[in-house]
4 protein chains.
Amino acid sequence: MTEEHLALSSHDAHEPPADGSAVTAEGHAAHGYTDNKAAYLRRLKRIEGQARGLQRMVESDVYCIEILTQVSAMTKALESFALAMLEEHLSHCVVKAAQAGGAEAEAKVAEASAAIARLVRS
Amino acid sequence: MTEEHLALSSHDAHEPPADGSAVTAEGHAAHGYTDNKAAYLRRLKRIEGQARGLQRMVESDVYCIEILTQVSAMTKALESFALAMLEEHLSHCVVKAAQAGGAEAEAKVAEASAAIARLVRS
Amino acid sequence: MTEEHLALSSHDAHEPPADGSAVTAEGHAAHGYTDNKAAYLRRLKRIEGQARGLQRMVESDVYCIEILTQVSAMTKALESFALAMLEEHLSHCVVKAAQAGGAEAEAKVAEASAAIARLVRS
Amino acid sequence: MTEEHLALSSHDAHEPPADGSAVTAEGHAAHGYTDNKAAYLRRLKRIEGQARGLQRMVESDVYCIEILTQVSAMTKALESFALAMLEEHLSHCVVKAAQAGGAEAEAKVAEASAAIARLVRS
C-alpha cells in the first residue's frame, strides 16, 4: 500500500458520513486511527524490522543480554503503538458512543476497559 | 502527600459540578467511584494488609522467593483496583465530558489516556 | 496468610543451612536480604503508607485520575522493592547454589526464573 | 540458516572449550541459547509474522479493539521469548560466572538484574 493511497484513504476519512460511519475508498468502515494510518503502518514496519533484527542477533550468537535489551525496546515500541491507538479509539469511537448514550455507551466503555486490562496485564 | 493536602484537594475538588452531578454529604464533588466507595476502601484495606504482611515476612526472614510471590499478588491486587477505578472513570466522567463535547471531551480523553499510559508502563 | 502461618513458615525456614550459612539471633535462616533488612522494612513501611494515603483519597472523594496517579507511584515502589530483593537473591542464594552445582543450581535457577516471570507478568 | 546448520552449531555447543567460551563453526562465541537456536528463531519468526499481521489489519481498517487484542498477544509472545532467553542466560552464563566467583560473578549478577529490571518495567 503506497503513501499516496494512504493519503487518499485518510483524506476520505476527514469527511465522514453524517451517521459517523466513515467508509474508505475500499468500502471498509473507517475507525479512529484511519486518519493516521500511514503513521501507524510506519510504526508497525519499524516493529517488524525489530523482530527481524532480533533474528539476525540470534543467528549471529549475539550475547543474551544485548538481545534482551532489544526485546525491551521492541516491547516499549509495541506499547506506545497500542497506547496511541487506544487514545484514538477513546477520542473517536468511545466519544461517539457516549454521545449516542445508553446501552451503546456502556458497551463501548466495557469493551475499551477490557482492552485496557489486557494491555496493563500483558 | 500530606493529610492536609489531601483534605484541601478534595475540598476544592477539581471540577465543581455545575450541572448538578451528585455532591456527597460532606460537600465533596462525587466521582465515578463514589457509589462503590465502600468496596474500593475494602480493596485498599486488603492491599494495606498485604503491605503489612510483607513486613512481617521480612522481619521473620522468610525466604526471598516467597516474599516475591507475595509482591506479585499485591501488584496484581493494585492493578485490579486501578482497572476498576479506571472503568468507573470512563463510564462516568469521560462519558459525561463526551456528551458535553468540544474541548472538555478532548481534555478528558487526553487525561484518561495519560493515566492509562502510566498504568501500562508501571 | 495469617501471622501464625508466617511465624511458622519462617521457623522451619525452607532450607536449613547445612553448609553454615548465617543464622540470625532468632534462629531463622538468613537470606540474601538479611543484611539490609532495615532498609527493606523502611521501603515496605512507605508502601503501606501509600496504601493508607489511597484510602484517605477515596474517603475524601479525590478525583479518580489523581488516585490512579498515586496507584502508579505505588506500583513502581513495589516493583523497585521486588527488583532489589531479586538482585539480592541472585547475588546470594543463586550464586551459592551455582557454586554447589548440579541439581541444586538447576533448581534455584528454575525457581528464580519462575519468580521473574511472575514479576514480568504482574 | 537451515535447521541442519542449527543442529550442527548447537551440537558444537555441547562441548564448550575448557575456558567456557564455546565457539560455533562460524567462530562466534556460543551463549546459553545456542543449543535452542532453532526454537528461538521460530518464535521470533512468529512474532515477525504477528507484526505483519498487524499491518494487514491496519491496512484493512480492522476495528481498533481487535488490533489491540493482537498487540496484547504479540506482547505476551515477546515476553515469553524474553523469559525463556533469560532463564537460559541464568542457567549458563550466570551459573558459570558464579562458579568463577569474585568480581565476575558480581558483574554478571548486576548485568542480569539490570536486564530483568528493563523487562519488568517495559
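See the structure printed just above.
So, a few notes on the structure that sits alongside this text. (Residues numbered from 1 in each chain as written. Chains lettered and ligands numbered in written order. Predicted model: local features only at pLDDT ≥ 70, side-chain atom pairs only at ≥ 80, totals over all residues. Heavy atoms only, no water.)

### Observations concerning the pattern of salt bridges
- On inspection of all chains with the given rule, the structure shows 20 salt bridges over all chains.
- Residue B:Glu48 pairs with B:Lys45 through a salt bridge whose shortest N-O separation is 3.6 Å. Separated by three residues within a single helix, B:Glu48 and B:Lys45 lie in helix α2 (residues 37-59), roughly one turn from each other.
- A cluster of three or more residues bridged by salt bridges with shared partners is formed by A:Lys45, A:Glu48, A:Arg52, D:Lys45, D:Glu48 and D:Arg52. (Salt bridge = Lys/Arg side-chain N within 4 Å of Asp/Glu carboxyl O. Helix = DSSP H or I, 4+ residues; strand = E, 2+ residues; numbered from the N terminus.)

### Focus: the nonpolar core
- The biggest cluster of nonpolar side chains holds 140 residues, and the ones touching the most others in it are A:Ile67, B:Ile67, C:Ile67 and D:Ile67.
- What B:Ile67 contacts, discounting residues up to four positions off in sequence, is B:Leu54, B:Met57, B:Val58, B:Val62, C:Tyr33, C:Phe81 and C:Met85. (Core = buried A, V, L, I, M, F, W, Y, C linked by side-chain atoms within 4.5 Å. Buried < 20%, exposed > 50% of the residue type's maximum accessible area, 1.4 Å probe, protein only. Contact = heavy atoms within 4.5 Å.)

### Quick look at the interface of chain B and chain A
- The partner chain A presents 19 residues to the 19 residues of chain B that form the contact.
- Roughly 1800 Å² is buried in total at the junction of chain B and chain A, and carbon and sulfur atoms are behind 72% of that figure.
- For chain B, the biggest contributors to the area lost against chain A are B:Leu83, B:Val109 and B:Val120; these three give 28% of the whole.
- For the pair chain B and chain A, the number of links is zero salt bridges.
- At the junction of chain B with chain A, the criterion picks out four residue pairs in polar contact (both at pLDDT 80 or more).
- Looking at the side of chain B that touches chain A, the elements that each hand over two or more residues are α3 (64-100) and α4 (102-121) of chain B.
- By residue number, the principal contributor to the side of chain B that touches chain A is α3(B), which donates 10 residues.
- Across the side of chain B that touches chain A, the residue classes tally to 11 nonpolar, five polar and three charged. (Buried area = accessible area lost by both parts, 1.4 Å probe. Polar contact = N/O pair within 3.5 Å; in protein donor to acceptor, adjacent residues only side chain to side chain. Nonpolar A, V, L, I, M, F, W, Y, C, P; charged D, E, K, R; others polar.)

### Observations regarding the interface of chain B and chain C
- With 61 residues of chain B at the interface, the matching set in chain C holds 61 residues.
- Between chain B and chain C, roughly 5600 Å² of surface is buried when both sides are summed, and carbon and sulfur atoms account for 66% of that area.
- On the chain B side of the interface with chain C, the three residues burying the most area are B:Asp61, B:Tyr63 and B:Leu68, jointly 13% of the side's total.
- Applying the counting rule to chain B against chain C returns four salt bridges.
- Between B:Arg52 and C:Glu48 there is a salt bridge; the shortest N-O distance is 3.1 Å.
- On the surface where chain B and chain C come into contact, there are 18 residue pairs in polar contact (both at pLDDT 80 or more).
- Breaking the side of chain B that touches chain C down by element, the ones donating at least two residues are α1 (3-11), α2, α3 and α4 of chain B.

### Topic: the relation of the copies chain B and chain A
- By a simple turn and slide, chain B fits onto chain A: the slide is 0.0 Å along the axis, the RMSD is 0.0 Å, and the turn is 180 degrees. As the rotation angle and translation indicate, the two copies are arranged about a two-fold axis.
- Comparing interface residues between copies, 100% of those in chain B also sit at the interface in chain A, which points to an isologous, same-surface contact. (Least-squares fit on C-alpha atoms with pLDDT ≥ 70 in both.)

### Points about the environment of A:Glu88
- Within the fold, A:Glu88 resides in helix α3 (residues 64-100).
- In contact with A:Glu88, not counting residues within four places along its chain, are A:Gly32, A:Tyr33, A:Asn36, A:Tyr40 and A:Cys93.

### Some details on the relation of the copies chain B and chain C
- Once turned by 180 degrees and shifted 0.0 Å along the axis, chain B lies on chain C with an RMSD of 0.0 Å.
- Taken as a fraction of all interface residues of chain B, those also at the interface in chain C reach 100%, which identifies the copy contact as same-surface.

### Notes on unusual backbone geometry
Residue and element names in this part refer to chain C.
- Although it is not a glycine, Asp61 sits at a positive phi angle of roughly 55 degrees.
- Following the sequence through the fold, Asp61 ends up in the loop between α2 (37-59) and α3 (64-100).
- On the accessibility criterion, Asp61 (0% relative accessible area) is buried.

### Remarks on empty space enclosed by the protein
Residue and element names in this part refer to chain B.
- Throughout the structure, instances matching the rule amount to four cavities of 30 Å³ or more.
- Its boundaries defined by the atoms lining it, the largest cavity holds a volume of some 160 Å³.
- Examining the composition of the lining of the largest cavity, we find that four residues originate from one element, α3, more than from any other.
- Counted by class, the lining of the largest cavity contains seven nonpolar, six polar and six charged residues. (1 Å grid on protein atoms, 1.4 Å probe; cavity = no way out; pocket = protein on both sides within 12 Å on 5 of 7 lines; lining within 4 Å. Points joined across faces, edges and corners; volume = space filled by probe spheres on them.)

### Here's the deal with the packing of aromatic side chains
- Following the criterion strictly, the structure yields eight aromatic pairs over all chains and no others.
- Between B:Tyr33 and B:Tyr40, the ring centres sit 6.1 Å apart and the planes meet at 75 degrees, which makes this aromatic pair edge-to-face. This pair shows no difference in class: B:Tyr33 is buried, exactly as B:Tyr40 is.
- A centroid spacing of 5.6 Å and a plane angle of 90 degrees characterise the contact between D:Tyr40 and D:Phe81, whose relative ring orientation is edge-to-face. Taken together, the residues span a long stretch of sequence, with D:Tyr40 in helix α2 (residues 37-59) and D:Phe81 in helix α3 (residues 64-100) at a distance of 41 residues. Taken individually, D:Tyr40 and D:Phe81 each receive the classification buried, so the pair is uniform in this respect.
- Feature note: the residues A:Tyr33, A:Tyr40 and A:Phe81 constitute an aromatic cluster, connected by ring pairs. (Phe/Tyr/Trp six-rings, centres within 6.5 Å; stacked < 30°, edge-to-face > 60°.)

### A closer look at helix α4 (residues 102-121) of chain A
- With 20 residues, α4(A) extends 29 Å between its outermost C-alpha atoms, agreeing within 8% with the 28 Å of an ideal straight helix rising 1.5 Å per residue.
- Taken residue by residue, α4(A) has A:Ala105, A:Val109, A:Ala112, A:Ser113, A:Ala115, A:Ile116, A:Ala117, A:Leu119 and A:Val120 as its buried positions.
- The elements touched by buried residues of α4(A) are α3 of chain A, α3 and α4 of chain B together with α3 of chain D. (Expected span 1.5 Å × (residues − 1).)

### A closer look at the environment of B:Ser113
- Inspection of the secondary structure puts B:Ser113 in helix α4.
- Among all residues touching B:Ser113, those that are not within four sequence positions of it are A:Glu87 and A:Leu90.

### A closer look at the packing of α3(C) against helix α4 (residues 102-121) of chain C
Residue and element names in this part refer to chain C.
- The geometry of α3 relative to α4 is characterised by a closest axis approach of 7 Å and an angle of 165 degrees between their N-to-C directions. Classified by the angle between their axes, α3 and α4 sit roughly antiparallel to one another. Judged by the twist between their axes, the crossing of α3 over α4 is left-handed. Residues Ala82, Leu86, His89, Leu90, Cys93, Val94, Ala97, Ala98 and Ala100 of α3 form the contact with α4, whose own contacting residues are Gly102, Glu104, Ala105, Lys108, Val109, Glu111, Ala112, Ile116 and Leu119.
- Along the lines of polarity and charge, the residues of the contact of α3 with α4 split into 13 nonpolar, two polar and three charged. (Axes fitted to C-alpha atoms, helices over the stretch in contact; angles between N-to-C directions. Parallel < 35°, antiparallel > 145°, perpendicular 65-115°, else oblique. Left-handed = near helix turned anticlockwise from the far one by under 90°.)

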